[in-house]
Amino acid sequence: MAQPPDLLEVRDVAKSYGAVRALVSADLTVSPGEIHALLGANGAGKSTLVKILSGALRPDSGTIAVAGREVRFSSPVDARRAGIAPVFQDPALVPHLSVADNFTLTGTDRAAVRPWLDRLELDVDLAERVNALPLALLRMLDLARALAHDPQLLLLDEMTAALPSDYADRVFAVMREWRDRGRSVLFISHRLTEVREICDRATVLRDGRAVDTHRTAEGSEARIVGAMLGERAARVDLPMAERGPAAVPGARPRLEVEELVAGRRLKGVSLSVAPGEVLGVVSLEGQGEDDLFLALAGDLRPKSGRVLVEGTPVRGRHPIQAIRRGITLVPSDRQHAVLPQRSIRENLALPLYSSMRSWGWISDRAERRAVDKAVEELEIDMRAAGQAKQLSGGNQQKLTIGRWLVGGYDVMLCFDPTRGIDVGTKHQIYRLLRQQAAEGRSVLMFTSELREVRIVCDRVVVLHDGRIVAEMPAAEADEERLLHAMHDLGPHDLGPHELGPHDLEPREAS
Amino acid sequence: MTVLDAPRQQGSPLRRIPAAMLALLGVLLALILANGLVDTGFFSLGQLRNTLLIAAPLALFAGAQTLCMLTGGIDLSVTMTATAVAYVVGSRAASGDSAFTAIALGFLVALVIGLVNGLAIGVFGVNPLIMTLGMAAIITGVLTVGSQSFLGGATRMPQIVLDLGRGTFLGPLPWNLLVWAVLGVGLVLLLRRTGLGRLVYAVGDNRRAARLAGVQVWRVETAVYVIAALLAAVAGILVGGRSGAVDLQLTASYLLPSVAAAVIGGTSILGGAGGYGGTVLGALILTVLDTMLTRLAVDESLRQLVAGAILLALAWVYVSSTRRGATRRRSSA
Ligand SMILES: Nc1ncnc2c1ncn2[C@@H]1O[C@H](COP(=O)(O)OP(=O)(O)OP(=O)(O)O)[C@@H](O)[C@H]1O
Ligand SMILES: [Mg+2]
């Protein structure tokens, strides 16, 4: 059987940033009509390869061939002409411009984007300014823009990392459609289940080298993890067994939320979190989850309702008031947390200096100790420690969590805390959250990766249309049940389940 | 990977001096040598003293500017603040107040100006460019009117101000150099070693992230504009002492160079990156350059042209050295 030439053939590509060798020798072939996964731990060089393939970066050495012909891109326009369009890991939209202006800016034909906006069911006003839109929507706009260029090869760098399941499903549908039309997709993700379900082949990078390529099949997760992490793999026990002691029944809740109404979407939420408890929050996109977290963090002023810590209300219009009461936020978009030009150390130590009392002399030793501890716990890659913007996406994400390990907290509000973090470290973060809970702290965690609920949480609430529509112990929260509740399809036939001590009034079915 | 590599980040202090700084130092040395060739008298003690006399106030103005620029702002009222302070000191002293009282009143005026700037920018969100430009205009207006009434009459600088402004200690070293050195070291330490310094960078780098981490941005900004005004006050006293008399144009020629010195020194006009070390080099480069062009009897317009060209060249160097990140974000499919 005569093989058609590969659509993309990457040979021995290398790229260094100063002393950091991001890619040492990357090899990759993508056939026509294939969804190809590109996998690797944080900092393995995936995004670097995407930037090279999309013409945003030039490789130091190595060759790239498209449909059998060697190419050298000197700009993104070249790559687009060769039929390659990327969706980068971080939103590539200018924040203070409207969506329409952003399309114009990148030479995207608005008429060509339209059908894709419809296809992806995006209900967006193109005149809206980008910084007013939620992250998940921005990712989808990036995708629609890439699709509008009608590429032969679509590069998706952690496209689904910030997406709730309804959006992710639409992305998968489009990817399959792309494949059915004989086109190809290079798909980067840290969610191995997705990879197994949708990808035909997978290439694994480790420390800048391609170490394995294989057809994905049932059970290839273990092989992938092994290739990705090398000797580190032994430390990952995939299904997380251990679980701290469950929240003490009858203990007084640490955080109580009463009929909170805030922002445009949050219509009235009550919940409580006990000391030592990890409460999960799940929802489809746009159900008020952003507003809930921002309101609890003191960034968004509630229209009505109360937030209480240890029984006394939290007041004020600035996050510092919540932080003083022990509530801290890991925001959904890490661009709202990272100081891109500052060092890892300054990023992590930031909360130490927020209050005016600490404006004075810095205690070098104390700072270093706290920072080193967080670096160690989260295995932050210190190779490019001078500026956070030089870190890989996953390592930037770690900064947003590590900051509060340094700053201290009682209740951590984390919004998709493991977004873009590799499997090895992910489990480390799960363990860390459990351990923090075991030490008596509380966590309120939104997750778009539903399987995390059973791994990390004690209990989960489901948000729909600005209200809580369901609540269940994490042990019962399989994905099917959660999805059912997220779509608000009425009471699922669960049989009677035990309600925890802090359960809310179940919502009356109307 | 990971923690094992952490020690590599440390290393000898010399190796940590960024390449850009070394380049600036090179430019400065080259200019000094060129100056020596143009005018062999340049290395004379008297000439050295003159150069430093001019450089010190500029470096102070530029320090104020650096601080504001690091938060993503700018202070275009620094020179008028300095002039106002010189007016107040001069006229209070002339009407019989003690030097101490006169100087204290001068600082009080600067404090008020800094507070108004800072609160307007930090609390009410007025654009820094517009706010401080407006403030400069207001001060000019008040001084124009005031010089015919409440600030009218003779201005006379107290002796201590004259000494600080033009006197020397230890041969060619002017007092104003000492003042600058103390404040300069203070500013470097403030930026590098204090909590406020961290916040200055954080606010300029990512305002939203700073807020979400609990930083009350308005307080940081208010502090920054107050410190800037106080630095300007010192500069005003030094310049006033050097010239001995006060008029509205006293410090006008320092405004553009104060911004230029910071930019040349590598402080980002968008905030979040840079520092005072670079600014000092920038101020020295500008001063030496100006001395040279003056010596060569180049006329004013050509001098500005040359200064502008150098500024653009350096800006280009900075932009192209950071461009990779910028285009990556802006381009995209
Ligand atoms: N501009 C830069 N300057 C210096 N080092 C950089 C720069 N950009 C990336 N790096 C480094 O290159 C390495 C590879 O980064 P890359 O972003 O390709 O990783 P990745 O595989 O995409 O990781 P992640 O899963 O976390 O997104 C990292 O060590 C990173 O710190
Ligand atoms: Mg990446």
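The numbering scheme is per chain: residues are counted from 1 as the chain's sequence reads. Chains and ligands are labelled sequentially in the order written, the chains with letters from A and the ligands with numbers from 1. Owing to the predicted nature of the model, reporting of local features is limited to residues with pLDDT of at least 70; listing and counting of side-chain atom pairs is limited to 80 or more, with chain, interface and lining totals taken over all residues. With hydrogens and water set aside, each side-chain value is computed from the structure's full complement of heavy atoms.

Things to note about the side chain of Asn35(B)
Summarising the element assignment, Asn35(B) is placed in helix α2 (residues 19-38). Not counting residues up to four positions away in its chain, the partners in contact with Asn35(B) are Phe42(B), Val288(B), Thr291(B) and Met292(B). By the criteria applied, helices consist of DSSP H or I runs no shorter than four residues and strands consist of E runs no shorter than two, each listed in order from the N terminus. Should any heavy atoms of two residues lie within 4.5 Å, those residues are considered in contact.

Re the confidence of the model for chain B
Residue and element names in this part refer to chain B. Residue-level confidence of the predictor, termed pLDDT, takes values from 0 up to 100. With 89% of its residues at a pLDDT of 70 or more, chain B shows a mean pLDDT of 86. Within the model, pLDDT remains below 50 along residues 1-13, and this stretch shows 22 contacts once partners closer than five positions in the same chain are excluded. Below pLDDT 50 for its whole length, residues 323-333 participates in 21 contacts with residues either more than four positions away or in separate chains. Per the prediction output, this complex has pTM 0.87; the corresponding ipTM is 0.87.

Side note on the interface of chain A and chain B
Of the residues lining the interface, 63 residues belong to chain A; the matching set on chain B comes to 42 residues. Residues Arg211(B) and Asp299(A) are paired through a salt bridge, measuring 2.6 Å at the closest nitrogen-oxygen approach. Mapped by element, the contributors of at least two residues to the side of chain A that touches chain B are α2 (76-81), β6 (84-87), α10 (319-324), α11 (344-349), α12 (364-378) and α13 (393-407) of chain A. Ranked by residue count, the leading element in the side of chain A that touches chain B is α12(A), at five residues. By definition here, a salt bridge exists when the distance from a side-chain nitrogen of Lys or Arg to a carboxyl oxygen of Asp or Glu is within 4 Å.

Here we look at the site of ligand 1
Residue and element names in this part refer to chain A. Throughout, the term near means that a residue has one or more heavy atoms lying within 4 Å of the molecule or strand in question. Taken together, the neighbourhood of ligand 1 is formed by 22 residues, with Lys46, Ser47, Thr48, Ser392 and Gly394 sitting nearest. In the environment of ligand 1, an oxygen atom lies 2.8 Å from a nitrogen or oxygen atom belonging to the backbone of Gly43. Any pair of nitrogen or oxygen atoms within 3.5 Å is treated as a polar contact; in protein, a donor-acceptor pairing is required on top of that, and neighbouring residues in sequence qualify only through side-chain atoms on both sides. A distance of 2.9 Å is found between an oxygen atom of ligand 1 and a side-chain nitrogen or oxygen belonging to His190. Looking at the shell around ligand 1, the elements that each hand over two or more residues are β2 (20-30), α1 (46-53) and α13. Per-element accounting of the shell around ligand 1 gives the leading share, three residues, to α1. Each residue receives one of three labels: charged for Asp, Glu, Lys and Arg, nonpolar for Ala, Val, Leu, Ile, Met, Phe, Trp, Tyr, Cys and Pro, and polar for the others, Gly being one of them. Counted by class, the shell around ligand 1 contains seven nonpolar, 11 polar and four charged residues.

Thoughts on the coordination of the magnesium ion (ligand 2)
Residues and elements named next belong to chain A. Metal donors: N, O and S atoms at distances within 2.8 Å, or within 3.2 Å for Na, K and Ca, with water omitted from the atom set so that some sites may seem incomplete. At this site the magnesium ion (ligand 2) is bound by Ser47 (OG) and Gln89 (OE1), with donor distances of 1.9 to 2.1 Å. Note that Ser47 is positioned in helix α1 and Gln89 in the loop between β6 and α3 (99-105), a separation of 42 residues in sequence. Just as Ser47 is buried, Gln89 falls in that class too. Think of it in three bands: residues with accessible area under 20% of the maximum for their type are buried, residues over 50% are exposed, and the middle band is partly exposed, with areas taken using a 1.4 Å probe on protein chains only.

Things to note about the pattern of salt bridges
Considering all chains together, one arrives at 38 salt bridges over all chains under this definition. Across the pair Arg208(B) and Asp299(A) runs a salt bridge, and its minimum N-O distance is 2.8 Å. With Arg208(B) in helix α10 (residues 207-212) and Asp299(A) in the loop between α9 (289-296) and β14 (304-309), this residue pair bridges two chains. Where Arg368(A) meets Asp364(A), a salt bridge forms, and the shortest distance between an N and an O atom there is 3.6 Å. Of this pair, Arg368(A) and Asp364(A) both sit in helix α12, separated by four residues, roughly a single helical turn. Arg368(A) gets classed as partly exposed once you look at its relative accessible area, which sits at 30%. Using a relative accessible area of 34% as the deciding quantity, one classes Asp364(A) as partly exposed. By sharing partners, the salt bridges in this structure join Arg191(A), Glu194(A), Lys426(A), Glu449(A) and Arg451(A) into a single network.

A look at the domain arrangement of chain A
All names here are of chain A. Per the annotation, domain bounds derive from an automatic or database assignment of domains. The assigned domain composition of chain A is domain 1 (8-235) and domain 2 (252-318 + 446-496). Distance between the C-alpha centres of domain 1 and domain 2: 32 Å. Contact with domain 1, which involves 12 residues of that partner, is made by 10 residues of domain 2. Counting each side, the surface lost to burial between domain 1 and domain 2 is near 820 Å², with a carbon and sulfur contribution of 49%. On the domain 1 side of the contact with domain 2, Pro164, Ser165 and Arg191 bury the most area, a combined 47% of that side's loss. At the junction of domain 1 and domain 2, the tally comes to one salt bridge. One can count one residue pair in polar contact (both at pLDDT 80 or more) joining domain 1 with domain 2. In terms of residues, the side of domain 1 that touches domain 2 owes the most to one element, helix α6 (residues 165-180), which gives three residues. Looking at side-chain class alone, the side of domain 1 that touches domain 2 contains seven nonpolar, two polar and three charged residues. Values labelled buried area give the accessible surface lost by two parts on being combined, using a 1.4 Å probe and summing over both.

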